[in-house]
Each structure stands twice: as structure tokens, then as C-alpha cells.
Amino acid sequence: MTAAAQPLAEQAFAHGKVILGGEHAVVYGCSALAASIPNALELRCSPLDDAAMLELEVPHWKLHRTIPARPELDEDRLTQAIRSLFEQAQVQPWGRRIQGRTELPAGSGLGSSAALCVALAKLALGPGADKDQLFDLSMIGESVFHGEASGIDSQLALNGGLVRFTRGQKPETLHLAHPLKLWIISSDTPRQSADQVSKVKSRMFRFPKLAAPTWALFDAQVQHMQHSILSNHLKDLGEMMQMQHELLSTLGVSTPRLDALCHCAHQAGALGAKLTGAGGGGCVLVLPPPEPHEFSCALQDAMQKDMNAVFPHFPLEIPAS
Ligand code: PMV
């Protein structure tokens, strides 16, 4: 028999995120820099006729799941993540429909899975919930998506802002004197973060002598990056982004399309461009030239000429704080 449904909260928001530097290395204890994409996901909860089912629908992600209270064999990652999260919260979500509104692309390194897990945790624990509890609960779901998740996505999804994140430590919030203007280009290639994380893990396992120098290089670049961001040295920041992209490529997580998109961004006058997030697809983060009026047109022209297609791209401004 199904237990009576607990009152889930009616509405919850969570942020998306973009990693500026240090992805993958952050899983191994290095620091990473990341900024939120504010309130990128809203979940709303309403009653469902069937008291033994949970329905989750996020039209922008073409996501529609009807999850039965009784577990089934061979459930997919998403169903497992949702089930584990509610089980851990000791909440019975059955008899509820959860509908999501977002413009974040799914599976593209912008923190869609963490945003979903944080918003679900907020629905489960309610508006008065403690932040640490929300974080821990969201990580139950996020670890199913990421394999070995550092927690950076969940931290940003929950708390937002611009942060330097080190696994297991309280994130350090960074304050900008000037807004930082960036662009994001989607490669239109979804991928699983867990596959990329395990690819890096396997490479480091097979070549253990490479690990320490690789992570040291990541750490040093991220430190330079932080300094350039805080002192508004955009040229140095662009160069660091370029170096991060090259370093991530040596880990095997770039793709010819991500490389081509970075190249187009440079052709259009960008100061730097790098893949962001786990790689293997997903998005490229671009630092546009200081006077970016013509940048969008120049980027479209470069993509059309080099790649015969214009990939989705949009600006992101990290505000001064
Ligand atoms: O959510 P993604 O795909 O952007 O990946 C997150 C960053 C990683 O460092 C690759 C994994 C992690 O959990 O830190």
C-alpha cells in the first residue's frame, strides 16, 4: 500500500551555473571558479489524480516521467536520482505532478541536473529548510548523474553568486568591482557528465605520474584566473581561459566541435574561449572583446563560414557585487 502523500512545497527555484575554470580538477581537490545563472529553473507542484504515481515534466528538456511508487527493474538515471532523493528525505511524493520551467539547455554543462536536484530538495524539505540539509539531499540525486560529483554544481544551484569552490570546504564568494560580460555557445551535443568524469578518472588511473603535475597546473591557472577576474585584467583572463581549454583537451574531454567553436569565437575577436563543465559536448564559455557591440554578428559569421551552421549563443553578465 502507498503511504499518504506528504505536502511537498508548491514552488521552488534553483540556479544554473557556468564553470570559469578548474572543472574536473575540482573532483580531485583542486579549486574551481564558477558563477550562477540566476533562478534558471522553477518547479511547481500540483495534485495528480493517481495517488500511486509521481509525474515530472520539464517541456524545455523534453522530459516527461511518470514514476510509480513501487520501484521497477532497470530504471534510468533520472528516475533513480529522483527516487533516491525522496527516499532519503523520507517524503512520499506520490499523487503529485511537478512541472518545470527553464531556458537552460539540458545535459550541456550549465548545471541542469544540479538545478533539478536542488529544486526537488527544496520541494521535499519545504521553504524553511536548512541550507546544509538541502545541499546534502540534492547531492544524493546529483551523484547519480555525475558519478563522483564534487558538489560544485549543487553549491551554485543552491547559493548562487561567483565563487571559488574547493571540495569539502565552504565556498569563497568573490566580489567584482566591474560586471564581467561573457557569452555561452551551445555545441548542441548533449552528454552525460558521469561518462566524462569517469573518462578522466580512467586516464589518471592508467598514467598516475601525470596526476600531480596536471592538477598543479590547473590550480596555478585558476589562481591566475581569479586574480585577473578581480583586477579586471581581461586580456590575462582570456589567455588563462585558452590555457584551461588546452589543458582540458589533454584530459580528453574536448571534441572537434568544441575546438571549432572556440576557434570561431577567437576569429570574432574574443579574448578567450574554453569548454565549460564536463566537456564531451555541452557549451563553450567565451570572453568577448572589451567593446562587444559587433561581437554577436562577427561570431555568427565565423560559425557560418567555418562550421556551416550558427550554434545557439547567448550573453551572460556576472554583476558587480
Ligand atoms: O555539470 P557539468 O557537466 O558541467 O560538470 C561539472 C564539473 C565536473 O568537474 C566535470 C564534475 C564535478 O562534479 O565537479
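In the block above lies the structure referred to throughout.
Our subject in this report is the structure included herewith. (Residues numbered from 1 in each chain as written. Predicted model: local features only at pLDDT ≥ 70, side-chain atom pairs only at ≥ 80, totals over all residues. Heavy atoms only, no water.)

### Considerations on the overall build of the protein chain
Under the convention used in this document: Starting at the N terminus, helices and strands are each numbered in turn, a helix being any DSSP run of H or I of at least four residues and a strand any DSSP run of E of at least two. Values of the radius of gyration come from C-alpha atoms, whereas the globule rule sets the reference at 2.2 Å times the count of residues to the power 0.38. Any residue under 20% of the maximum accessible area for its type is buried, any over 50% is exposed, and the rest in between are partly exposed; the area is computed with a 1.4 Å probe on protein chains only. All accessible-area figures derive from a Shrake-Rupley calculation using a 1.4 Å probe, and residue coverage is judged against the displayed protein chains alone.
Per the secondary structure count, the protein chain includes 9 helices and 11 strands. Here the C-alpha atoms of the protein chain give a radius of gyration of 20 Å, agreeing with the 20 Å that 2.2 N^0.38 yields for 321 residues. Every one of the 321 residues in the protein chain was classed for burial, and the buried ones make up 54%. As displayed, the protein chain offers around 14700 Å² of accessible surface, 53% of which is attributable to carbon and sulfur atoms.

### Some details on the environment of Pro127
When you line up the elements, Pro127 lands in the loop between α2 (112-125) and α3 (131-146). A relative accessible area of 82% places Pro127 in the exposed class. In sequence terms Pro127 and Ala9 are 118 residues apart; their C-alpha atoms lie 7.0 Å from each other.

### A few points about the side chain of Lys274
Test applied: Polar contacts, as used here, are pairs of N or O atoms within 3.5 Å; protein pairs need one atom able to donate a hydrogen and one able to accept it. Residues neighboring in sequence count only if both atoms are side-chain atoms.
On the secondary structure map, Lys274 appears in strand β9 (residues 272-276). Within the local environment of Lys274, its side chain forms a polar contact with the backbone oxygen of Ile19, the two atoms lying 3.2 Å apart.

### Notes on the site of the ligand
Formally: Any residue with a non-hydrogen atom lying within 4 Å of a molecule or strand is treated as near it. Both cavities and pockets are sets of points on a 1 Å grid over the protein atoms alone; in a cavity a 1.4 Å probe fits but cannot get out, in a pocket the set is open with protein on both sides within 12 Å along at least five of seven lines, and lining residues sit with an atom within 4 Å of a point. More than half of a molecule's atoms lying within 2 Å of a cavity's or pocket's grid points is what places that molecule inside it. All amino acids are sorted into three groups, where Ala, Val, Leu, Ile, Met, Phe, Trp, Tyr, Cys and Pro are nonpolar, Asp, Glu, Lys and Arg are charged, and the leftover types, Gly among them, are polar.
In the neighbourhood of the ligand, 17 residues make up the surrounding shell, with Lys17, Ser150, Asp153, Arg191 and Ser193 lying closest. Between an oxygen atom of the ligand and a main-chain N or O atom of Gly109, the distance comes to 3.4 Å. Between the ligand and the protein, one listed contact pairs an oxygen atom with a side-chain N or O atom of Arg191 at 2.6 Å. When the ligand sits alone it has 380 Å² of accessible area, and the protein chains cover 98% of it. Taking a 2 Å distance to the grid points as the criterion, the majority of the atoms of the ligand fall inside the largest pocket. Looking at the shell around the ligand, the elements that each hand over two or more residues are β1 (11-21), α4 (152-159) and α5 (193-206). Looking at the shell around the ligand residue by residue, the classes come out as 7 nonpolar, 6 polar and 4 charged.

### What to know about the pairing of strand β10 (residues 283-287)
Formally: Strand pairing is assigned whenever DSSP identifies at least 2 bridges connecting the two strands.
For β10, a buried count of 5 out of 5 residues is recorded, marking the element as mostly surrounded by other parts of the structure. Across the two faces of β10 the burial is the same, with Cys283, Leu285 and Leu287 and Val284 and Val286 all buried. Pairing analysis gives 4 bridges linking strand β8 (residues 180-186) to β10, with the strands arranged antiparallel. Pairing of Ser186 across the sheet is with Cys283, part of β10. Two elements, β9 and β10, share 5 bridges in a ladder whose sense is antiparallel. Bridging from a neighbouring strand, Thr276 pairs with Cys283 of β10. Between β9 and β10, which pair antiparallel and follow one another directly, the connecting turn spans 6 residues, one of which, Gly277, has a positive phi of 90 degrees.

### Brief notes about helix α8 (residues 256-267)
How we decide: Any helix carries an expected span of 1.5 Å times its number of residues minus one. As used here, the arc is the angular range of directions from the helix axis to the C-beta atoms. It only takes one pair of heavy atoms within 4.5 Å for two residues to be counted as in contact.
Along its 12 residues, α8 runs 16 Å from first to last C-alpha, staying within 8% of the 16 Å computed at 1.5 Å per residue. Along α8, the residues classified as buried are Leu258, Leu261, Cys262, Cys264 and Ala265. One side of α8 carries all its buried residues, which in axial view fall inside an arc of 160 degrees. Buried residues along α8 sit in contact with β8, α7 (234-250), β9, β10 and α9 (295-307). In the segment just after α8, Gly269 is the residue with positive phi, at about 105 degrees.

### Some remarks on α7
For α7, with 17 residues, the first-to-last C-alpha span of 24 Å sits near the 24 Å given by 1.5 Å per residue. Taken together, the buried positions of α7 are occupied by Leu237, Gly238, Met240, Met241, Gln244, His245, Leu247 and Leu248. The inward-facing, buried residues of α7 abut β1, β8, α6 (211-230), α8, β9 and β10. Count one or two residues on from α7 and you reach Gly252, which has phi positive near 90 degrees.

### Quick notes on the sheet that holds β8
To keep it simple, the criterion reads: Axis lines are fitted to C-alpha atoms, over the contacting stretch for helices. Their N-to-C directions set the angle, which ranges from 0 to 180 degrees.
Taking strand neighbours across the sheet as the criterion, the 4 strands line up as β9-β10-β8-β11 in an open arrangement whose pairing is antiparallel. Of all the strands in the sheet, the pair left with one neighbour each is β9 and β11 (313-318). On average, each strand axis in the sheet is tilted by 30 degrees relative to the strand beside it, whichever way the strands run. Sitting on the sheet, α7 is in contact with β8, β9 and β10, with an inclination near 40 degrees to β9.

### Points about the layout of surface pockets
We count it as follows: Grid points are joined across faces, edges and corners, and a volume is the space filled by probe spheres set on the points.
Computed from the structure, the largest pocket encloses a volume of approximately 720 Å³. In this structure, the largest pocket is lined by 37 residues; those nearest its centre are Gly107, Ser113, Phe145, Arg191 and Ser193. Put simply, the parts of the chain that give the lining of the largest pocket at least two residues each are β1, β4 (63-68), α1 (77-89), α2, α3, α4 and α5. Its residues assigned to classes, the lining of the largest pocket shows 15 nonpolar, 13 polar and 9 charged.

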